[in-house]
Amino acid sequence: MMKNLRTLILLAVVVALLSALGGVAAQDEPTQFAGGWPYQVPPDGHFNTYASGRLNMGIYQDLMEPPLAVFIWADGAYDPMIAESFGFTDDGNYTVTLKSGVTWSDGTPVTGQDLLTTFNTGYMIGWQIWNDLESVELVDDMTAQFNLSSQSPLIERRILTENLRPTSTYGDFAAQAGELIAAGAASGDEDFEALLAELTEFRPETFVAAGPYQLLSENITDARATLVKNEGGLNSDVVRFDEIVLWNGETETVTPLVSNGELWYGTYGFPPATEAAFVDQGIDIVRGPLYTGPGLYVNHTVYPLNQVEVRQALAYAINREENGFVSLGESGVASECMCGLSDNLLPVWVEDDVIDELNFYDYDPDLAASMLEDLGFTRGDDGVWIDDQGTRMSFELIFPAEFADWAAAAENATAQLNEFGFEITATGVQFQQQQQDVYDSNFEMAIRNWGVGSPFPRDAYLQPYNRYNGQGEVAGEGVGGGMRFDTDVTFSGGEINVFDAAVESGQGTDLAAQQALVTDLVVSFNEVLPAIPLWERYGNNPLNRNFVDGPAGDDPIFLNGGVDHFMTYLILTGGIGPA
Amino acid sequence: MAVRDLNAGAVQPAEPTRSAPSFLDGVRRVARSYTARTLVQAVITIWAVITFTFFLIRLMPGNPVDVYIDFLMNQQNISFEEARQMAASQFRFDPDANVFSQYFDYMGRLVQGDLGESITSTGTRVVDQIIRFLPWTVFSVGLGLLISFVLGVLLGTVMAYNRNSVLDNALSLFSSILSAVPNYIWGLLILIVFGVQLQWFSVGALRGTYDPTLDPGFNLPFILSVLEHAFLPVLVYVVGTLGTWMLNMRNSTISTLGEDYVNVARARGLTSSRILVAYVGRNAALPMFTLLAIHIGFILGGSVIIEELFVYKGIGSFLFWSISQRDYTSMQGVFLVITIAVVVSNVLADLLYSRLDPRVRVTGDK
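Thresholds, definitions, all that
Residues numbered from 1 in each chain as written. Chains lettered and ligands numbered in written order. Predicted model: local features only at pLDDT ≥ 70, side-chain atom pairs only at ≥ 80, totals over all residues. Heavy atoms only, no water. Helix = DSSP H or I, 4+ residues; strand = E, 2+ residues; numbered from the N terminus. Rg over C-alpha atoms; globule rule 2.2 N^0.38 Å. Buried < 20%, exposed > 50% of the residue type's maximum accessible area, 1.4 Å probe, protein only. Areas by Shrake-Rupley, 256 points an atom, 1.4 Å probe, with all protein chains shown as cover. Contact = heavy atoms within 4.5 Å. Lys, Arg positive; Asp, Glu negative; His and termini not counted. Charge placed at Lys NZ, Arg CZ, Asp CG, Glu CD. Buried area = accessible area lost by both parts, 1.4 Å probe. Salt bridge = Lys/Arg side-chain N within 4 Å of Asp/Glu carboxyl O. Polar contact = N/O pair within 3.5 Å; in protein donor to acceptor, adjacent residues only side chain to side chain. Nonpolar A, V, L, I, M, F, W, Y, C, P; charged D, E, K, R; others polar. pLDDT = per-residue confidence, 0-100. Pairing = 2+ DSSP bridges. Axes fitted to C-alpha atoms, helices over the stretch in contact; angles between N-to-C directions. Parallel < 35°, antiparallel > 145°, perpendicular 65-115°, else oblique. Left-handed = near helix turned anticlockwise from the far one by under 90°. Disulfide = S-S within 2.5 Å.

(A) Highlighting the overall build of chain B. When you go through chain B residue by residue, the secondary structure sums to 15 helices and zero strands. Relative to the compact-globule value of 21 Å for 366 residues, chain B shows a C-alpha radius of gyration of 28 Å, a clear excess of over 25%. Here chain B holds 366 residues, and 43% of them are scored as buried. For chain B, the computed accessible surface area is about 19500 Å², with 66% contributed by carbon and sulfur atoms.

(B) Examining the overall build of chain A more closely. Assigned secondary structure in chain A consists of 18 helices and 25 strands. Rg of the C-alpha trace for chain A: 27 Å, near the compact-globule value of 25 Å for 579 residues, within the 12% margin. Counting only residues that meet the buried cut, chain A has 59% of its 579 residues in that class. Sequence separation of 24 or more characterises 70% of the internal contacts of chain A that already satisfy a separation of 6 or more. When the accessible area of chain A is evaluated, it comes to approximately 22100 Å², of which 50% is carbon and sulfur surface. Looking at chain A, you have 22 positive and 85 negative side-chain charges, and the mean spots of the two groups are 10 Å apart.

(C) The arrangement of the interface of chain A and chain B in detail. Each partner contributes residues to the interface: chain A has 53 residues there, and chain B has 55 residues. Overall, the association of chain A and chain B removes approximately 4400 Å² of surface from exposure, summing both partners, and the carbon and sulfur fraction of that is 47%. Counting across the interface, chain A meets chain B through two salt bridges. Close ionic contact of Arg132(B) with Asp222(A) constitutes a salt bridge, the shortest N to O distance being 2.6 Å. Joining chain A to chain B, the criterion identifies 16 residue pairs in polar contact (both at pLDDT 80 or more). Broken down by secondary-structure element, the contributors of at least two residues to the side of chain A that touches chain B are α5 (190-201), α6 (251-260) and α14 (431-439) of chain A. Looking at which element gives the most residues to the side of chain A that touches chain B, the answer is α6(A), with six residues. Here the residues of the side of chain A that touches chain B sort into 21 nonpolar, 22 polar and ten charged.

(D) Focus on the side chain of Thr253(A). Tracing the sequence through the fold places Thr253(A) in helix α6. Classification of Thr253(A) as buried rests on a relative accessible area of 7%.

(E) Looking closely at the confidence of the model for chain B. Residue and element names in this part refer to chain B. Per-residue pLDDT for chain B averages 84, and the proportion of residues at 70 or more is 91%. Per-element averaging of pLDDT across chain B places helix α15 (residues 358-365) at the bottom with 56 and helix α7 (residues 166-180) at the top with 93. Interface predicted TM-score (ipTM) for the complex: 0.75; the corresponding pTM is 0.82.

(F) A look at the pairing of strand β18 (residues 445-451) of chain A. Residue and element names in this part refer to chain A. Across the seven residues of β18, seven count as buried, placing the element largely inside the fold. Strand direction decides the pairing type here: strand β16 (residues 394-400) and β18, joined by two bridges, are parallel. Paired with isoleucine 398 across the bridge in β18 is alanine 446.

(G) Quick look at the packing of helix α2 (residues 113-124) of chain A against helix α4 (residues 167-183) of chain A. Residue and element names in this part refer to chain A. Contact geometry for α2 and α4: axes closest at 7 Å, N-to-C directions at 60 degrees. Viewed along their axes, α2 and α4 adopt a mutual orientation that is oblique. Where α2 crosses over α4, the handedness of that crossing is left-handed. Each of Gln113, Asp114, Leu116, Thr117, Asn120, Thr121, Tyr123 and Met124 in α2 lies in contact with α4, whose residues at this interface are Thr167, Tyr170, Gly171, Phe173, Ala174, Ala177, Gly178, Leu180 and Ile181. For the contact of α2 with α4, the residue count by class is nine nonpolar, seven polar and one charged.

(H) Summary view of the side chain of Asn560(A). Residue and element names in this part refer to chain A. Among the structural elements, asparagine 560 can be located in the loop between β24 (548-549) and α18 (566-572). According to the relative accessible area criterion, asparagine 560 is buried, its value standing at 2%. A polar contact is formed between the side chain of asparagine 560 and the backbone oxygen of phenylalanine 71, at a distance of 2.9 Å. Within polar-contact distance, the side chain of asparagine 560 engages the backbone nitrogen of tryptophan 73 at 2.8 Å. Beyond its immediate chain neighbours, meaning those up to four positions away, asparagine 560 contacts Val70, Phe71, Ile72, Trp73, Ala74 and Phe566.

(I) Looking closely at the state of the cysteines. Residues and elements named next belong to chain A. What the rule picks out here adds up to one disulfide over all chains. Disulfide pairing places cysteine 337 opposite cysteine 339 at an S-S distance of 2.2 Å. Handedness here is read from the sign of the S-S torsion; for cysteine 337 and cysteine 339, about -65 degrees, the answer is left-handed. Just as cysteine 337 is buried, cysteine 339 falls in that class too.

Laid out in C-alpha cells, this is it:
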C-alpha cells in the first residue's frame, strides 16, 4: 500500500515538473512560419542541388540558397539579395559583387569564388546561360566577371536569379568543370561525362546554406521539414521568424492542415469550394497573378479552324468571364487583351494607344454568328453550323483530365460553343498523354497554357510559337509539329515571323527595339489568334493572418511571379512576421 | 495338414535389383510433388508478372525525362529547351533506348539480385529505397489486418450463433456499411470529422511514422510514438476490412452449423463450448485462414492512397511518388516486392490449406 502511494506521489511530482518545464518552454518557443511544399525524404531526397531527386523545397529554397537578386515586377527592377551590386560592363560583360560579412552555415565566408563554383558547376548540368557565357572569372575577393558572347536582359536574369552554392561543397567539381570549360569539353566527351556522373552521384552529408535559414538532417521528417536560423547567413538579423516549418504534401494532403490552423500559407491550387471553406474560417486568400492560364488551341491543319475569322468567331462566342469563374472562382480572371501576354505585363511593354486599339473580343455571339455567315457557313436543321464545304462543325476538344481548373474550362467552353452551334466533344486525357498529343499534332482542339511566369514576353510567346508549334529541335523533337501554325504572319503592321520576333525580343540591351518587337507580337497575336486565351490564373493562396503579419492583399509585391516569389522575398526582407 | 506350395517348381522371378534412382526419376518425383509444382508455378508467375509490368509501365504516357522537363518548366519557369537540356544532363536514362535491350539488361541484373538505380534520383539504389519504406507498410497494414481479422472472426461467430436476432441484424448492417465504403473515404471522414471539425487530434502531429525528436530503437517512448503515428492508418485498415471478415465468418459459421457432424456432436451431448471450438470454429475458420493468407499478399499494394492521405511514408506512398515521376526502376522494384508477396502468400495459402484439408493435397497429387 505504502509502495503504491510512493509511486503515485513520484508520478505526481514528475508530471508537475514536466508541466513546469513545459510552461518554461512555452515562453521560449521559437517564432515559426508554417508553410508547405511536397518533397521526397531520403534516400530519394538528398542535398546535392545539382542532381535530380534533390530535397527540393521549391520557393523556400531561396531561404537557404539565396538568389543574387530578386526582380520586383511592379518596379521592373532588381532588389539585391546576396549580391551587393551588379551590371553590364562597358565591354559587354557582366559583373557581380557579393555582400561581405555573410558566412555559410559551415562557417566559411561567402566570397566571389562561390560565384565561380555556382556557374561552373552549372555548366555540367546544362544551364542555358552557358549558351551566352564563355567563362566566369574572379575580379577580386567578392567580385566575379561573366564573360558573355551576347547581352540581354534575359541573360542578366539568368545570372541574378540563380541560387548561390558553396565552394566548400562543390568547389572540387567547379574546379574540374572550369578546366573542361577552358578546354572546350562538352556533353558527350569522355572527361565531361565522367565528371557529370561523379557530380550526379555526389551526396553531400550536410546542406550548407548562406541564407538566413538552414536545413539540418535531423529536422527532416516524413511529415515536415523545419528550417532553423543560420546565424551568419544573409539577413539573419532581418528575418522575423526563428524557424520555417514546411509541411510535406500536395494539395489534398495539406488541406486539413490549413483548415486546422497548422499550415498558415500555401501556394497550392485549391478548388474554389475549398477556398470558400477557408474564407468561412476567416482565412485570407492572397491572389497574385501567375501570368499564365488556359487557352483554346486549334490544329491549324484542320479546316475551317485554320481560318482566322473562325478563330475570331470562337473568341466572340465564349464568355471568358463565366469560363474563368466556373473554373477557378475569383482566381480565374478573364483575359482582356487576347494577345498571348498577361494583362499585367502588357502596359510595361506596349504603349497605351496600341493597347486601346486591340480587339478585346467582348462576348458577342451574334457577331460571331454573322462572321460565320459571311464565310458562307449555314446552320443545319438541328442548329449546328455547317461550313462552306458542307461539313458539320464537329470537333473533339482534349484537355488534361487531372487538372481540375483546366477541365472545368474545357467543359464550360464546350458547353458555350455547343450552345452557339458547334458540335464539340470534350475528352479528358491523362495529362502527360494530352500534352504529348498536342506536341504530336494529334488533336483538333486542345486546352493548353498561354503565357508563362516570366517578366519577358519572349518566354510567353515561345509557348504558342515554339513549345506547341514543333519549332526546330525543341518541342516535339521533330516527331510532330504541334498546332502546325505558320509562323510567317501578315497583320496590320506588315509581315513578321512571330517565332523569330519572339526570340529576338529577348536579345540585346536595346529596350526600345525589344518593345517594338513585343508590340508587333502583341498586335499580330490579337489579330490572327493562333490560340484563344480564356483566362489568367491568379493564385488562391491561403494566408492565415491570425498567425502571420504581412502586407495587405493589394500590395504591389503580390504582382511578383515566377521564381521571384513574393512570399520568400517577404520572409527574406522581414516584410512578414509573426502576428 | 500339409500345405501345398503352389509355386513349387515354378521359376521364381528375379528379385528386382534396387538401382539408384535416375535423374529422370527424380524429376518425375518432383513433378508429382504438389509442393514442388506449386513452387515452380510461383516462380513462373513471378517472372511473367515482372515481364508484364516491365513493358506495361513503359506504355504509360510520358517518361521520367518528360516528367522532369515539366517539373523544371513549371517550378523554375525556364523554357522547354533549357529544361530538356538539363534533364538530358542529369538523367542516365535514355527514353529512346531499345526496350528489349532494357528488358534483358534488367533481367540480367535482377537474377544477380541487383534491382538497379532510381532513374529520377541518380545514384540511389532501389533496394535502399525499398528497405527505407517497406517496414512501415508491413507494420501498419499487417497490424491492421491482424486486428480486423481477429475482431471479424469473433464478431462473425457471435452473429452466426445469434442469427436473425436483433444483434445479428444490427451487426450485419454495421458490417455491410463498413465493407461497402472504400477505406480512403473512411480515412477522409476520420481526418475531416475528428481531426478538423472536432479537433480530437492534431492532424499534423500524427503525420509521419514517428516523432523525430526520439531516438529510434527498442525503447518505450519510440515504440509508443510509432504506435501513435500508425494509429490512424491502422484504424482505417481495420474499419475498411472488418466488415468483410465479419460477414465471411458469419456465413462460414452458419454453413458449418448446419453440417451433420455438428448435429451428431449435439446429439452426443457435447458441451456447447466444445462444439464451438472443436467442431464449428475450426471448420468455419478454415476458409478464413486462406483468405487471410491471400490478404497478406495484398498488404503492400493496398496502402497507396491511405499512406498518401496520412503522409505515412511506406511503400505505398513511395509507389505513388514513383508512378507520378515515372521512375521505372523504382516502380519495378516495388512491383517485384508486391508480386513476390502476393505469390508467396498464395503459395502459403495453398500449402496451408493442403495441410489443413488433406482432400486438397490428394486431389492435387492426382
